[in-house]
Amino acid sequence: MDMKWFDEMEARIPKGGVRTRFAPSPTGYMHVGNLRTALYTWLIARRSGGAFLLRIEDTDQERLVEDAAGIIYSTLRKCGLDWDEGPDIGGPVGPYIQTQRRDLYGKYAQLLMEKGHAYRCFCGKARLEALHGEDGLGGYDGHCRDLPQAEIEEKLAAGVPYVIRQRIPRSGQTTFSDAVFGDITVDNATLDDQVLIKSDGLPTYNFANVIDDHLMGITHVVRGSEYLSSSPKYNLLYQAFGWQVPTYIHCSPVMRDQHNKMSKRHGDPSYEDLLAKGFLSEAVVNYVALLGWSPRGEYAEREFFTLRELSEIFDTGGISKSPAIFDLEKLKYFNANYLRALSPADFFAGARPYLEQAIQNPAVDLSLVAPLVQPRCDTWMDIAPQVDFFNALPAYSNELYCHKKMKTNEENSRQALEQVLPVLEALPQWSYDSLHEALLGLAQQLGLKNGRILWPVRTALSGKAVTPGGAVELCHILGREESLRRIRQGIAQLG
RNA sequence: GGCCCGGUGGUCAAGCGGCUAAGACACCGCCCUUUCACGGCGGUAACACGGGUUCGAUUCCCGUCCGGGUCACCA
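Basis of the calculations
- Residues numbered from 1 in each chain as written.
- Chains lettered and ligands numbered in written order.
- Predicted model: local features only at pLDDT ≥ 70, side-chain atom pairs only at ≥ 80, totals over all residues.
- Heavy atoms only, no water.
- Helix = DSSP H or I, 4+ residues; strand = E, 2+ residues; numbered from the N terminus.
- Rg over C-alpha atoms; globule rule 2.2 N^0.38 Å.
- Contact = heavy atoms within 4.5 Å.
- Lys, Arg positive; Asp, Glu negative; His and termini not counted.
- Charge placed at Lys NZ, Arg CZ, Asp CG, Glu CD.
- Phe/Tyr/Trp six-rings, centres within 6.5 Å; stacked < 30°, edge-to-face > 60°.
- Buried < 20%, exposed > 50% of the residue type's maximum accessible area, 1.4 Å probe, protein only.
- Lys NZ or Arg CZ within 6 Å of the ring centre and 35° of its normal.
- Pairing = 2+ DSSP bridges.
- Near = heavy atom within 4 Å.
- Polar contact = N/O pair within 3.5 Å; in protein donor to acceptor, adjacent residues only side chain to side chain.
- Nonpolar A, V, L, I, M, F, W, Y, C, P; charged D, E, K, R; others polar.
- Salt bridge = Lys/Arg side-chain N within 4 Å of Asp/Glu carboxyl O.
- Core = buried A, V, L, I, M, F, W, Y, C linked by side-chain atoms within 4.5 Å.
- Disulfide = S-S within 2.5 Å.
- Axes fitted to C-alpha atoms, helices over the stretch in contact; angles between N-to-C directions.
- Parallel < 35°, antiparallel > 145°, perpendicular 65-115°, else oblique.

S.K.: I'm lost on the overall build of chain A in this one. Help?
M.R.: Each helix and strand in chain A was counted, giving 19 helices and 11 strands. Over its C-alpha atoms chain A spans a radius of gyration of 33 Å, topping by over 25% the 23 Å that the globule rule assigns to 495 residues. Counted over contacts in chain A with a minimum sequence separation of 6, partners at least 24 positions apart contribute 74%. In chain A, 53 positive and 62 negative side-chain charges are present, and the distance between their average locations comes to 3 Å.

Structure follows, in structure tokens:
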């Protein structure tokens, strides 16, 4: 075997710093668990000034989705997770798309066979099925582990299809370390001689992963805890090649409830879905970071972090071992806070499409509505239902005028409106301040609590029990003509 | 079923032999207030269970129970 080629491959591997990778399958959308994995992976690289790379694992042709890679790129960009090497920008250890690395794996499998750590298995699918029985459980029995050389030659000559399996020691133990779970030791006897190269010549995921991670110089592997059981086999592979084992960071899944992972099947939202539901990317990222990780030390009490802050304090020691249930309520809390923290201009810019959709009345100045709604939204979607009355006064019941605490009823509400009407009609200037002065002045003048006047006015203007802003704000925004019209209508309706 | 991992309030979680067991969301109450929100204050609520080890266990060990993962020529 020509070792020169292998040496050249080794020579390409960057040495020294931390290198992490996010290696998604292009299935067309980014679920929350994936996003969290990407985030942690990115944070580990940035925390240590290392490199973060992107590798597309597209070996499963059946699951390929049109432009799925594009969705991955755009999601990562929107989240602020920039990569240093990847399919689109290249890098020293490319290609970064697995199907373009196809011919690599066979060579390494060959090398492994020569070292005695792998062997050809000619057992057909039929034999394996019989072996596994009805429950489908149980590993490979090692039937082809020690086939005589002559028999192997014979089968090869006859063109019998084969796979290449990893030769795992029958005795002894293997220990691997995980940054989250610590040291885990298993008996080698419980490990299966897993397939490395399939009969079609393509590598299995487990094999391709080890090869690619090594050849790309990956130092920290972040992945789901479902790979915990196969990690000993990975270690054995690294050992067989004489390669350095990366640091493992296994993360428990993000769950939708006690029993199920988040999944598209169950209708759980993906990152894109959350944005479409009116969430801010920053809020999602902040929340997701805390789902399965918590800061220690001086930051232990904090919950709100920018990406940059996270990249300065993230430590794998804070990653939780147990699964976390995704809580939309808490995400809303984060989002509400992010919305409130926006500058008025930024909020208006973001809210504008939602306001325009809800309010077609050109007389209404949307920039005046935005600040009213800013402290009252969990997501952008909360805007429309709050402001629809600016568009047109809804039909409402006179019972809305009755409020125990305000001490209002239909009778005194009508009186209040009748007293308000001439005051507003005579108002020379229709500004917030003048309205405020006029309305509260009237209450004072009549010796009434503010609410006795303001509650009926707010009700007449909106026809709703709950509105963003009170009587003064609504008058101001609706304008003189429309405000007076609605108050007159209120009087008529109460009469 | 074998093997691996996990188990603090409804949820996220701090804790890493000694604490009245943090904090946040949600929920409830009060205050503020021109409604609702925001804000402020307060409240309900947890160490799965049983054995050890120890002067002392949420914390260490064992067992039970419960949950998750894995046992593919899928990733």
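S.K.: I'm lost on the packing of aromatic side chains in this one. Help?
M.R.: The description of two aromatic rings rests on the distance between their centres and on the angle between their planes. If you walk through the whole model with that rule in mind, you get 24 aromatic pairs. Seen in terms of ring centroids, Y238 and W243 are 6.5 Å apart; in terms of plane orientation they differ by 65°. Their pairing is edge-to-face. In terms of burial, Y238 and W243 fall into one category: buried. Ring pairing ties together the aromatic residues W5, F6, Y108, Y238, F241 and W243, which thus form one cluster. The residue whose ring lies beneath R165 is Y140, and the NZ or CZ to ring-centre distance is 3.6 Å.

S.K.: When you look at the pairing of strand β5 (residues 173-178) in this model, what are you seeing that I'm missing?
M.R.: If a strand is regular, its side chains alternate between the two faces of the sheet. A one-sided burial pattern is seen for β5, the buried positions being T174, F176 and D178 and the unburied ones Q173, T175 and S177. As judged from the six bridges shared by β5 and strand β6 (residues 182-187), these two strands associate in the antiparallel manner. Directly across from D178, in β6, lies its bridge partner G182. Between β5 and β6, which follow one another and run antiparallel, lie three residues.

S.K.: Please explain the protein's contact with RNA strand B as it appears in this structure.
M.R.: Neighbouring RNA strand B are 58 residues, the closest being K198, S199, E303, R376 and K405. Take the atoms of RNA strand B that sit within 4 Å of the protein: sugar and phosphate atoms are 62% of them. Here K330 contributes a side-chain N or O atom positioned 2.8 Å from a sugar or linking oxygen of RNA strand B. One nitrogen or oxygen atom from the main chain of A471 is found 3.0 Å from a base oxygen belonging to RNA strand B. Of all the elements in the fold, those that place two or more residues in the surface near RNA strand B are α5 (125-132), β4 (163-166), β6, β11 (324-325), α12 (328-341), α18 (450-462) and α19 (471-494). Here the residues of the surface near RNA strand B are counted per class, giving 24 nonpolar, 17 polar and 17 charged.

S.K.: Can you walk me through the side chain of T174 in this structure?
M.R.: Relative to the elements of secondary structure, T174 occurs in strand β5. Within the structure, T174 has its side chain in polar contact with the side chain of N188 (distance 2.5 Å). Among all residues touching T174, those that are not within four sequence positions of it are I184, T185, V186, N188, P232, N235 and L236.

S.K.: Whenever I open this one, the pattern of salt bridges confuses me. Can you help?
M.R.: Pairs can form between side chains of opposite charge once their charged atoms are near each other. Evaluation of the coordinates by the stated rule reveals 27 salt bridges. Ionic pairing is found between R488 and E425, a salt bridge with its closest N-O pair at 2.9 Å. Of this pair, R488 sits in helix α19 while E425 is found in helix α16 (residues 410-425), placing the two residues 63 residues apart along the sequence. Residue classification places R488 among the partly exposed residues on the basis of a relative accessible area of 39%.

S.K.: Just checking my understanding: could you explain the nonpolar core for this structure?
M.R.: Burial of nonpolar side chains together is a common tendency in soluble globular proteins. With 100 residues, the main nonpolar core has Y40, L76, F326, L355, V387, F390 and L424 as its most contacted residues. When residues of this core are assigned to their parent elements, the largest contribution, 10 residues, is made by α19. Leaving out residues up to four positions away in the same chain, F326 has contacts with V32, V254, M255, M262, P269, L274, Y287, L291 and L331. Listed in part, the 34 residues of the second largest apolar core include F6, I13, A109 and Y238.

S.K.: Whenever I open this one, the state of the cysteines confuses me. Can you help?
M.R.: Note: disulfide means a covalent bond formed between the sulfur atoms of two cysteine side chains. Per the counting criterion, the structure on display carries zero disulfides. Left unpaired, C79 is separated from the closest cysteine sulfur, that of C251, by 16 Å. Among the residues examined, C79 registers a relative accessible area of 6% and is labelled buried.

S.K.: Help me out: how do you make sense of the sheet that holds strand β3 (residues 118-121) in this one?
M.R.: Within a sheet, adjacent strands bond to each other through the backbone by hydrogen bonds, running parallel or antiparallel. What the three strands build is an open sheet, ordered β3-β4-β7; its pairing is antiparallel. Edge positions in the sheet fall to β3 and β7 (195-197), since each of these pairs with one other strand and no more. Looking at each pair of strands side by side, their axes are set apart by 45° on average, direction ignored. Packed on one face of the sheet, helix α4 (residues 102-114) meets β3, β4 and β7 and runs near 105° to β3.

S.K.: Can you help me understand unusual backbone geometry in this one?
M.R.: Peptide bonds are, in most cases, trans, and in most cases residues other than glycine have a negative phi. P95 follows G94 through a cis peptide bond whose omega is 0°. Considering the arrangement of structural elements, one finds P95 in the loop between α3 (68-79) and α4. Positive phi is not limited to glycine here, since K407 has a value of about 60°.

S.K.: I keep staring at the side chain of E57 and nothing clicks. Help me out?
M.R.: In this fold, E57 is placed in the loop between β2 (51-54) and α3. The buried category is assigned to E57, whose relative accessible area is 4%. Reaching out from E57, the side chain makes a polar contact with the side chain of Q98 at a distance of 3.2 Å.

S.K.: Help me understand the packing of α4 against helix α7 (residues 205-215), please; the structure alone is not making it clear to me.
M.R.: Each pair of packed helices gets described by two things: the angle between the helix axes and the distance between those axes. Viewed as axis vectors pointing N to C, α4 and α7 meet at an angle of 100°, and their least axial separation amounts to 10 Å. Relative to α7, α4 is oriented roughly perpendicular. Residues L104, Y105, Y108, A109 and L112 of α4 form the contact with α7, whose participating residues are F207, A208, I211, D212 and L215. Grouping the constituent residues of the contact of α4 with α7 by class yields nine nonpolar, no polar and one charged.

Without other data, these values stay purely geometric and don't point to any function.
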